[in-house]
Amino acid sequence: MKQKKWPFFVVGILLLVGIVGSIFMLQQPDTQIVEIVQDGEVLYQFDLEQASDQTIEVQYEGRVNTIEIKDHRIHMLAAECPDQTCVHMGWLDSSVPIVCLPHHLVIQFAENGNALDGMVG
């Protein structure tokens, strides 16, 4: 009888770890500094609290991603890629970054240690 209980114990532990991990990943970061990164290079860095409404175009091999900053929020407005996953991700509001794999582009909150010296670009 004891051997039949261990699968339930393992499933319970895995479920608990998954719930805790999801809560951690979906928390609002403690910074408003956002980076736009392509191929590991920071192209732009903004403090969303101070950023004005604007659109930014980032090119990759002749194709364009349009990023919008509006009302101190940021999202991928448009992308010239086949799946449009990055556009459908919506506004950046958690630790989960917006990623456009075909264009090697990431929009993410900066790590806590990265200080904002100004806009790069």
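Our structure is the block above this text.
Residues numbered from 1 in each chain as written. Predicted model: local features only at pLDDT ≥ 70, side-chain atom pairs only at ≥ 80, totals over all residues. Heavy atoms only, no water.

S.K.: How should the overall build of the protein chain be read in this particular structure?
M.R.: Looking only at helices and strands, the protein chain has 2 helices and 7 strands in total. Mapped in sequence order, the helices and strands of the protein chain form the string α-β-β-β-β-β-α-β-β. In the protein chain, which comprises 121 residues, the share counted as buried stands at 32%. Long-range pairs, those at least 24 residues apart, make up 42% of the contacts in the protein chain with a sequence separation of at least 6. (Helix = DSSP H or I, 4+ residues; strand = E, 2+ residues; numbered from the N terminus. Buried < 20%, exposed > 50% of the residue type's maximum accessible area, 1.4 Å probe, protein only. Contact = heavy atoms within 4.5 Å.)

S.K.: Which parts of the structure should I look at to understand the pairing of strand E4 (residues 63-70)?
M.R.: On any regular strand, side chains alternate: one points to one face of the sheet, the next to the other face. Taken across its 8 residues, E4 has 6 buried, putting it largely inside the fold. Relative to E4, strand E3 (residues 54-60) is paired through 7 bridges, and the arrangement is antiparallel. Residue pairing for E4: Ile-56 is matched across the bridge by Ile-67. In textbook terms, the turn of a hairpin is the stretch between consecutive antiparallel strands, and for E3 and E4 this stretch comprises 2 residues, one of which, Glu-61, has a positive phi near 50°. Where E4 meets strand E5 (residues 73-79), 6 bridges bridge the pair, whose relative direction is antiparallel. Along E5, the bridge assignment pairs Thr-66 with Ala-78. The turn linking E4 back onto E5 is made up of 2 residues, and Asp-71 within it adopts a positive phi angle of 55°. (Pairing = 2+ DSSP bridges.)

S.K.: Whenever I open this one, a nonpolar patch on the surface confuses me. Can you help?
M.R.: Taken together, the side chains of Trp-6, Phe-9, Val-10, Ile-13, Leu-14 and Val-17 make up a nonpolar region of the molecular surface, amounting to roughly 650 Å² of accessible area. Among the secondary structure elements, Leu-14 is positioned in helix H1 (residues 6-25). Given the relative accessible area of 58%, Leu-14 is considered exposed. (Patch = residues over 30% accessible without salt bridge, like charges linked within 9 Å, V, L, I, M, F, W, Y side chains within 5 Å. Areas by Shrake-Rupley, 256 points an atom, 1.4 Å probe, with all protein chains shown as cover. Salt bridge = Lys/Arg side-chain N within 4 Å of Asp/Glu carboxyl O.)

S.K.: Quick question: what am I supposed to make of the sheet that holds strand E7 (residues 105-109) here?
M.R.: Sheet strands line up and pair through hydrogen bonds in the backbone, either parallel or antiparallel. Across the sheet, 4 strands lie side by side as E2-E1-E7-E6; this open sheet has antiparallel pairing. One side of each edge strand has no neighbouring strand; the edge strands of this open sheet are strand E2 (41-47) and strand E6 (98-100). Neighbour-to-neighbour, the strand axes of this sheet turn through a mean angle of 15°, independent of strand direction. Across 3 bridges, E6 lies against E7 in antiparallel orientation. (Axes fitted to C-alpha atoms, helices over the stretch in contact; angles between N-to-C directions.)

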